[in-house]
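Next come the chains, spelled out residue by residue.
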Amino acid sequence: MQTSIQRVLITSLGICCVLAILGQCAWFKGETLEPEITKPHPIGGYETLGSRIYYPPSAREAGLEGAVTVKVFVAKDGRVIDSRIAQKLNPELDRIALNAVQRTLFEPALKNGKPIDIWISIPIIFALKDWHSKSSPFSSFEMIVHPNPAYQGFQVEMLGKIKPGLVLPLLFECLLPFNADQTWVKTGSGNNLETRRVRDASGEWLTFEVAERSLTLGFNYLPVGDQGDHKFQYKFIMNQALPDWQLALIYGDQHQRFSQTPDRRSVQVDGSIRFEYDLDKLDAFEPRYLEIALIE
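Rules and cut-offs
Residues numbered from 1 in each chain as written. Predicted model: local features only at pLDDT ≥ 70, side-chain atom pairs only at ≥ 80, totals over all residues. Heavy atoms only, no water. Core = buried A, V, L, I, M, F, W, Y, C linked by side-chain atoms within 4.5 Å. Buried < 20%, exposed > 50% of the residue type's maximum accessible area, 1.4 Å probe, protein only. Contact = heavy atoms within 4.5 Å. Pairing = 2+ DSSP bridges. Helix = DSSP H or I, 4+ residues; strand = E, 2+ residues; numbered from the N terminus. Axes fitted to C-alpha atoms, helices over the stretch in contact; angles between N-to-C directions. Phe/Tyr/Trp six-rings, centres within 6.5 Å; stacked < 30°, edge-to-face > 60°. Lys NZ or Arg CZ within 6 Å of the ring centre and 35° of its normal. Salt bridge = Lys/Arg side-chain N within 4 Å of Asp/Glu carboxyl O. Expected span 1.5 Å × (residues − 1). Polar contact = N/O pair within 3.5 Å; in protein donor to acceptor, adjacent residues only side chain to side chain.

Participant: Outline the nonpolar core, supporting the account with residue identities and numerical values.
Facilitator: Counting 40 residues, the largest nonpolar core has Met-143, Met-158, Phe-172, Phe-232, Phe-236 and Trp-245 as the members making the most contacts within it. When near neighbours in sequence (up to four residues on either side) are disregarded, Phe-236 contacts Phe-141, Met-143, Met-158, Cys-174, Leu-242, Trp-245, Leu-282, Glu-286, Pro-287, Arg-288 and Leu-290. Core analysis: the second largest hydrophobic core is formed by 28 residues, Ile-96, Ala-109, Phe-126 and Leu-175 among them.

Put into structure tokens, the structure is as follows:
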């Protein structure tokens, strides 16, 4: 008799536990088991992400093509918090794909209409048949460096004029030197543009969109290492191809000679001297290491 009572109690208790568990399940309440999740997507669309992909000549000449899959953790504010290669192709192409995703800001994933953190996988395709050389959007481009009188710092300014007929806005990314400070971007009409500084394995990038035909951007630069060297050193990279362009250095009344001979010298209206260097065309993301040493 006692055994029968125990069985009834155990059975009743089991039923109560099952009902309690089911009461917490969405499907038991007539709802879906998992609420619909809207996946994150790059701000500006996947074309914007694609504009950050560089297909280097070395890989093309070697016939390297295929897919790199990047697994990325997108936070609820749209920032990329973590990323890794889930499917490898080639060390250089893997790095290019990973860097591009790290610099991308996303519309966050939504769960029940609320932003959430989430992992997603993004395939990046490198295909020779789809590759084409980028023509420069600029009709002219120059970089101007202004040293302060004591040569303890430099102000760097870049000026670009965009070709007529191009569809605007255009996305620009410029790799900053690690010691850059007080960055700014303006249109030709003087309007300040919103910018972001985004980091990847290469360093920190200044990113912005331009909807006018001319722009200026700049930053302050401190010399690297011994300030007595008076060196301007910069690994310059942009996501847009450049035409033949110029590097100019403008000084006051300091008397200096250069370790790299300028192509031209001219006196400005205010009496300062402008030294110009002619530079060759650059493909998109093609780096140029600039170093001008001033020797007293």
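Participant: Explain the sheet that holds strand 4 (residues 80-87) to me, and be specific about the residues and the numbers.
Facilitator: Taken together, 3 strands build an open sheet; the order of strands is 4-3-8 and the sheet is antiparallel. The open sheet has two edge strands, strand 4 and strand 8 (118-126), and neither has a second partner. Sheet twist, expressed as the mean angle between neighbouring strand axes with direction ignored, is 25 degrees.

Participant: Explain unusual backbone geometry residue by residue, including any values.
Facilitator: The linkage connecting Leu-168 with the following residue, Pro-169, adopts the cis geometry, with an omega of 5 degrees. With respect to the element layout, Pro-169 can be found in the loop between strand 10 (154-162) and strand 11 (170-175). Backbone geometry places Asn-112, a non-glycine residue, at a positive phi of 55 degrees. Here Asn-112 shows up in the loop between strand 6 (109-111) and strand 7 (114-116). By relative accessible area, Asn-112 is classed as exposed at 60%. For Phe-285, which is not a glycine, the phi torsion comes out positive at approximately 65 degrees. Relative accessible area serves as the criterion here: at 9%, Phe-285 is assigned to the buried category.

Participant: Explain the pairing of strand 11 to me, using residue names and the numbers behind them.
Facilitator: For strand 11, the buried fraction is high: 6 of the 6 residues fall into the buried class. Taking every second residue as pointing to the same face, both faces of strand 11 are buried, with Leu-170, Phe-172 and Cys-174 on one and Leu-171, Glu-173 and Leu-175 on the other. Bridging between strand 11 and strand 14 (residues 203-210) involves 6 bridges; their strand directions are antiparallel. Each bridged residue has a counterpart across the sheet, and for Cys-174 the counterpart in strand 14 is Leu-206.

Participant: Describe the sheet that holds strand 16 (residues 231-236), with residues and values.
Facilitator: The sheet built from 3 strands is open, its strands ordered 16-21-18 with antiparallel pairing. Each having just a single partner strand, strand 16 and strand 18 (257-258) make up the two edges of the open sheet. In terms of strand pairing, strand 18 meets strand 21 (residues 288-295) through 2 bridges, oriented antiparallel. What sits directly across from Arg-257, in strand 21, is Ile-295.

Participant: Can you explain the packing of aromatic side chains? Please cite residues and give values.
Facilitator: Evaluated as defined, the whole model comprises 20 aromatic pairs. Ring pairs connect the aromatic residues Phe-138, Phe-141, Phe-154, Phe-172, Phe-208, Phe-219, Tyr-221, Phe-232, Tyr-234, Phe-236 and Trp-245, which therefore count as one cluster. The ring of Trp-131 is capped by Arg-60, whose NZ or CZ atom sits 3.6 Å from the centre of that ring. Taking NZ or CZ as reference, Lys-71 lies 5.5 Å from the ring centre of Trp-119, over its face.

Participant: Hey, could you go over the pattern of salt bridges for me, with residue numbers and the actual values?
Facilitator: All chains considered together, the criterion is met by 13 salt bridges. Ionic pairing is found between Asp-130 and Lys-129, a salt bridge with its closest N-O pair at 3.3 Å. Like Lys-129, Asp-130 is exposed. Measuring nitrogen to oxygen at the nearest pair gives 2.7 Å for the salt bridge that ties Glu-276 to Arg-264. Here the residue Glu-276 occupies a position in strand 20 (residues 273-279), and Arg-264 occupies one in strand 19 (residues 264-267), the gap between them amounting to 12 residues. Glu-276 sits in the buried class, given a relative accessible area of 12%. Via salt bridges that share partners, Glu-142, Arg-264, Arg-274, Glu-276 and Asp-278 belong to a single interconnected network.

Participant: Explain helix 4 (residues 91-102) to me, and be specific about the residues and the numbers.
Facilitator: Look at helix 4: 16 Å from first C-alpha to last across 12 residues, which is about the 16 Å you get at 1.5 Å a residue. Among the residues making up helix 4, those that are buried are Leu-93, Asp-94, Ile-96, Ala-97, Leu-98, Asn-99, Ala-100 and Val-101. Structurally, the start of helix 4 carries an N-cap: the backbone nitrogen of Glu-92 is 3.0 Å from a side-chain oxygen of Asn-90.

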